[in-house]
Structures are given as structure tokens and as C-alpha cells.
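Next come the chains, spelled out residue by residue.
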Amino acid sequence: MPSKHTQQIILSEQQRNDLELIIRQRKSAQSIVLRAKTILAGAEGKSLLGTTKELRCNRETVTRWRKHWVERSDELPVLEKRKEAPRPGAKPKFTEEQICLIVAMSCDKPEEHGYPLSHWSENSLAMAAQDKGIVPSISQRQGGRFLKSSR
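What you see is a predicted model; the values in this text were computed from it and never measured.

Visitor: Please set out the pattern of salt bridges residue by residue, giving values where relevant.
Guide: Within this structure, the stated rule accounts for three salt bridges. Glu 44 serves as the salt-bridge partner of Lys 46, at 3.5 Å between the closest nitrogen and oxygen. Accessibility expressed as a relative area gives 30% for Lys 46, which makes it partly exposed. For the salt bridge of Arg 141 with Glu 122, the shortest nitrogen-to-oxygen distance reads 3.2 Å. With Arg 141 in helix H8 (residues 140–149) and Glu 122 in helix H7 (residues 122–131), this residue pair connects regions lying 19 residues apart in the sequence. Look at Arg 141 and you get partly exposed, because its relative accessible area is 41%.

And the structure:
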């Protein structure tokens with residue numbers, strides 16, 4: 001029997017099929033499977049407590065994903081509706097263009113950029129990125145991360 005506290009979830013036949021497909025697929029991430037099961041349980045009218053016991057998860061998880069599903073537009077495909085919202089936090093310090101330029105420079109020989117070295121070091125790559133005006137400032141360690149990613 002549906003609980004009066006259960007958030008009302010109404011699924012189209014296509015949405016139900018898509019969610020069941022996510023659950024059946026072998027390569028689906030378990031976090032996504034849990035979200036799909038949560039939505040399907042809500043559509044069947046299962047209570048919050050019953051769903052948490054059945055799926056062995058906490059109450060906040062069930063509440064969050066049911067609310068998330070209901071608040072998202074019905075025009076969105078199922079795969080978009082079940083995605084997480086963008087998370088807050090600091091914006092990336094470097095743009096994709098800056099990263100590409102630094103990685104491309106790391107693929108060149110240092111001599112081509114006016115440095116009398118046979119190989120890039122973390123420090124020399126960071127200094128070169130600043131000297132060329134690619135970035136206003138960059139740490140030696142970040143230069144090392146870019147070197148590592150260009151291998």
C-alpha cells in the first residue's frame with residue numbers, strides 16, 4: 001500500500017523500461033543502479049522506510065534521488081534525469097586550452113623553446129609556461145603533473 005509520505009513518482013512506459021534496462025545491464029555502475037531502483041520503488045508506491053530496508057541504504061539517499069527525479073523536467077531522457085547535479089567548488093585554475101598548450105610544449109624538446117636542456121623537468125616546464133605567457137603562475141608540482149600526463 002502506498003505511503004502518504006512517499007513522493008509521488010509517475011513513470012511513462014519508456015522511462016520504466018529504461019530504468020529496468022539500467023538495472024539489468026552488467027556494466028552499469030552500482031550507484032546508478034541504486035538510483036534506478038530507488039525511482040522504480042517510488043513509482044510502485046513503496047514507502048521510504050520499506051525502500052531503505054529493501055535497498056540497504058540510508059533514508060537521505062532515497063529522499064534525495066526521489067526528489068531529484070521529480071524536480072527534473074520530464075522532457076529529459078532517463079539517462080540525463082538520473083545524473084547528479086553539478087557540484088559546488090572552486091573552478092579549475094587552468095583552462096583546457098592552457099593545459100593543451102603546456103602538454104604540447106612538453107612534447108617538444110626544451111631547446112626548441114630556448115632552454116639549454118635535454119629534457120623537461122617539472123621546474124623548467126613550469127617556468128617555460130610562465131615565460132611564454134600561457135599561464136600567469138604555475139607551481140613546479142603542477143608542471144610535473146602536466147609532464148606526467150603527456151607520457
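Visitor: With reference to specific residues and values, describe helix H6 (residues 96–107).
Guide: Here H6 contains 12 residues, and its C-alpha end-to-end distance of 17 Å stays within 8% of the 16 Å for a straight helix at 1.5 Å per residue. Residues Gln 98, Ile 102, Val 103, Met 105 and Ser 106 constitute the buried set of H6. Down the axis of H6, the buried set is contained in an arc of 160°. They therefore lie on one face. Turned more than 90 degrees from where H6 packs its buried face, Glu 96, Glu 97, Cys 100 and Cys 107 sit exposed.

Visitor: Got a sec to walk through the packing of H6 against H7? Specific residues and values, please.
Guide: Two numbers describe how H6 lies on H7: the axes approach to 11 Å, and their chain directions differ by 125°. Here H6 lies oblique to H7, going by the angle between them. Taken as a pair, H6 and H7 cross one another with a handedness that is right-handed. Contact with H6, carried on its side by Ile 102, Met 105 and Ser 106, involves Leu 125, Ala 128 and Ala 129 of H7 and no other residues of that element. Across the contact of H6 with H7, the residue classes break down as five nonpolar, one polar and no charged.

Visitor: Can you lay out unusual backbone geometry for me, pointing to particular residues and giving the numbers?
Guide: At Arg 56, a position not held by glycine, the phi torsion is positive, near 55°. Within the element layout of this structure, Arg 56 appears in the loop between helix H3 (48–55) and helix H4 (59–71).

Parameters at a glance
Residues numbered from 1 in each chain as written. Predicted model: local features only at pLDDT ≥ 70, side-chain atom pairs only at ≥ 80, totals over all residues. Heavy atoms only, no water. Salt bridge = Lys/Arg side-chain N within 4 Å of Asp/Glu carboxyl O. Buried < 20%, exposed > 50% of the residue type's maximum accessible area, 1.4 Å probe, protein only. Helix = DSSP H or I, 4+ residues; strand = E, 2+ residues; numbered from the N terminus. Expected span 1.5 Å × (residues − 1). Arc of directions from axis to C-beta. Axes fitted to C-alpha atoms, helices over the stretch in contact; angles between N-to-C directions. Parallel < 35°, antiparallel > 145°, perpendicular 65-115°, else oblique. Left-handed = near helix turned anticlockwise from the far one by under 90°. Contact = heavy atoms within 4.5 Å. Nonpolar A, V, L, I, M, F, W, Y, C, P; charged D, E, K, R; others polar.

Shape descriptors only; they carry no functional weight alone.
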